[in-house]
Amino acid sequence: MTSKERVKAALAGDKTDRVPLFLWLSERAENNFKKFLAANPGIYAPENDVLQDWLSINRQMTLPAAEGEIFTDEWGIDWKREGEYNNVVSHPLAEADAEIIENYAFPQPLLPKRYEKLRRLMSENPDSFIGADVSGTLFEPSYHIRGMENLLVDLASESEEAEVLLDKIIGFSCAVCAEAAKLGADWIWLGDDFGTQQAMILSPALWRRYFKPRYAALIEEVKKIRKDMPFAFHSCGSVFPIIGDLKEIGVNVINPLQESAAGMEHEKIRAQFADVTMFCGVDTQT
């Protein structure tokens, strides 16, 4: 089977010649892995069945930068290189009211350069499964641009600022997803980290109030372009309470199913959600 055939078969619940693999590593881990393989030529080097590119804010995390360097991204957010990754150090809409948020210059979703690598991956790797990564989709860019504390207060108080900000960001993500679907991506990868080790960052009720309907609207819009488009959803941590909701709105694949987090035992998830594809990962904490 080709990689594309293998992943599509797994998503359909059909037998595959082996389990499909999707591996991504930090720069240091990747370099260490290459050194290990070079020093141990008899070791099998796993084939990566999924090739994927970031189309949204999460690509900022790994942009090349010197230690301590600060740069500003297309959202107006400042990032600083600290060790392995770039981390957010400013929130341009932290003090903004609803009117300022409404008129803020959010990124342009259809800039051709946003899709250059995705186009290249598809043209150069016809036998691979090509993913369009549109993470963070909603929650992560919201707290990056607003600040986590401010955003959570906005949500809890049902403020106008919360509604305006989330609508602006989901509009951007929806446009990017739709363009990726038109270009021929094999799946859309959504993602927002809602889980801690013990529970969700916000209550399932707040998640259903603010996030579920917006994700559902995005998925519905993309399926108007391609009815059979698979959707994967990434969230680290303990998110068991919303797996059923994600399935309900059209998510086909759940990742990473972090078993060290509360309630995320794989056997329990498989028993309750047998028709959702479980994309599990190595526990990188322990």
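The structure this text deals with has already been given above.
Now for a look at the structure at hand. Remember, it's a predicted structure, so these values are computed and weren't measured experimentally. Per chain, residues are indexed from 1 in the order of the written sequence. Selection of residues for local features in this predicted model requires a pLDDT of at least 70, selection of side-chain atom pairs for listing and counting requires 80 or more, and totals for whole chains, interfaces and linings are taken over all residues. The side-chain figures draw on all heavy atoms in the structure; neither hydrogens nor water molecules are used.

Points about the side chain of S235
The helix count covers DSSP runs of H or I at least four residues long, the strand count covers runs of E at least two residues long, and both are numbered beginning at the N terminus. Its place among the elements puts S235 in the loop between β7 (231–234) and α10 (243–249). There is a polar contact of 3.2 Å between the side chain of S235 and the backbone oxygen of D192. Those residues within four positions of S235 in sequence are excluded, and the remaining contacts are D192, D193, F194, G195, N255 and P256. Pairing of N or O atoms within 3.5 Å defines a polar contact, subject to two protein rules: one partner must be a possible hydrogen donor and the other a possible acceptor, and residues neighboring in sequence count only if both atoms are side-chain atoms. In what follows, a contact means two residues having at least one pair of non-hydrogen atoms within 4.5 Å.

Description of the pairing of strand β6 (residues 187–191)
Exposure classes here rest on a 1.4 Å probe applied to the protein chains alone. A residue is buried below 20% of its type maximum, exposed above 50%, and partly exposed in between. The buried count for β6 comes to five of five residues, which makes it a mostly enclosed element. Alternating residues of β6 divide into W187, W189 and G191 and I188 and L190, and every residue in both groups is buried. Pairing geometry for strand β5 (residues 129–135) and β6, over five bridges, is parallel. Note on β6: the bridge partner recorded for A132 is I188. Only strands that DSSP links by at least two bridges are regarded as paired with each other. As paired elements, β6 and β7 share four bridges and run parallel to each other. Paired with I188 across the strands is F231, a residue of β7.

Points about unusual backbone geometry
Residue G136 follows S135 across a cis peptide bond; omega there is -15°. With respect to the element layout, G136 can be found in the loop between β5 and α5 (139–146). Note that the residue after N255, namely P256, is joined by a cis bond; omega there is 0°. Mapped onto the elements of the fold, P256 is located in the loop between β8 (253–255) and α11 (266–272). One non-glycine residue, E158, lies in the positive phi region at around 55°.

Quick word on the packing of α5 against helix α7 (residues 160–183)
An axis is simply a line fitted to the C-alpha atoms; with a helix, the fit covers only the stretch in contact. Between two such axes, the angle follows the N-to-C directions and lies from 0 to 180 degrees. Relative orientation of the contacting elements α5 and α7 amounts to 125°, with a least axis distance of 10 Å. As summarised for this structure, α5 and α7 are arranged oblique, according to the angle between their axes. Once α5 is placed against α7, the crossing between them reads as right-handed. Here α5 contributes P141, S142, I145 and R146 to the contact with α7, which in turn contributes E161, L165, L166 and I169. Residue classes follow a fixed rule: Ala, Val, Leu, Ile, Met, Phe, Trp, Tyr, Cys and Pro count as nonpolar, while Asp, Glu, Lys and Arg count as charged, and any other residue, Gly among them, counts as polar. Here the residues of the contact of α5 with α7 sort into five nonpolar, one polar and two charged. Roughly parallel covers angles under 35 degrees, roughly antiparallel covers those over 145, roughly perpendicular covers 65 to 115, and oblique covers all other angles. Helix crossings get a hand from a simple test, with the near helix turned counterclockwise from the far one by less than a right angle marking a left-handed crossing and a clockwise turn marking a right-handed one.

Overview of the nonpolar core
The biggest cluster of nonpolar side chains holds 66 residues, and the ones touching the most others in it are I188, F194, W207, F211 and L218. Take this core: its biggest share by element is twelve residues, from α7. Leaving out residues up to four positions away in the same chain, F211 has contacts with L138, F139, L155, L166, F194, L202 and L206. Nonpolar cores were defined as sets of buried Ala, Val, Leu, Ile, Met, Phe, Trp, Tyr and Cys residues, with membership established by side-chain atoms within 4.5 Å. One finds V7, W187, A232 and V253 within the second-largest nonpolar core, a separate group that totals nine residues.

Quick look at the pattern of salt bridges
Take a side-chain nitrogen of Lys or Arg and a carboxyl oxygen of Asp or Glu: if they are within 4 Å of each other, that pair is a salt bridge. All chains considered together, the criterion is met by 21 salt bridges. Across the pair D49 and R6 runs a salt bridge, and its minimum N-O distance is 2.7 Å. Remark: R6 occurs in helix α1 (residues 3–11) and D49 occurs in the loop between α2 (27–39) and β1 (50–54); sequence separation between them is 43 residues. Judged on exposure class, the residue D49 and its partner R6 are both buried.

Some remarks on a nonpolar patch on the surface
A grouping of L25, F33, F36 and I43 is seen on the molecular surface, where their side chains present a nonpolar patch of about 350 Å² in accessible area. Counting through the fold element by element, L25 comes out in the loop between α1 and α2. On the accessibility criterion, L25 (44% relative accessible area) is partly exposed. In this analysis, a patch consists of residues with relative accessible area above 30% that form no salt bridge, clustered at 9 Å for like charges and at 5 Å for the nonpolar side chains Val, Leu, Ile, Met, Phe, Trp and Tyr. Residue burial considers only the protein chains on display, and all accessible areas are found by Shrake-Rupley using a 1.4 Å probe.

Here's the deal with the sheet that holds strand β9 (residues 277–278)
With parallel pairing, the six strands of this open sheet are ordered in space as β1-β5-β6-β7-β8-β9. Of all the strands in the sheet, just β1 and β9 have a single pairing partner and so form its edges.

Brief notes about empty space enclosed by the protein
It is a probe the size of a water molecule, rolled over the atoms, that shows where empty space is left. The rule is simple: put a 1 Å grid over the protein atoms alone, call a set of points where a 1.4 Å probe fits but cannot get out a cavity, call an open set with protein on both sides within 12 Å along at least five of seven lines a pocket, and count a residue as lining if it has an atom within 4 Å of a point. Grid points are joined across faces, edges and corners, and a volume is the space filled by probe spheres set on the points. The full count for this structure, using the stated rule, is one cavity of 30 Å³ or more. Considered as a void within the structure, the largest cavity measures approximately 30 Å³ in volume. Per-class residue counts for the lining of the largest cavity are six nonpolar, no polar and no charged.

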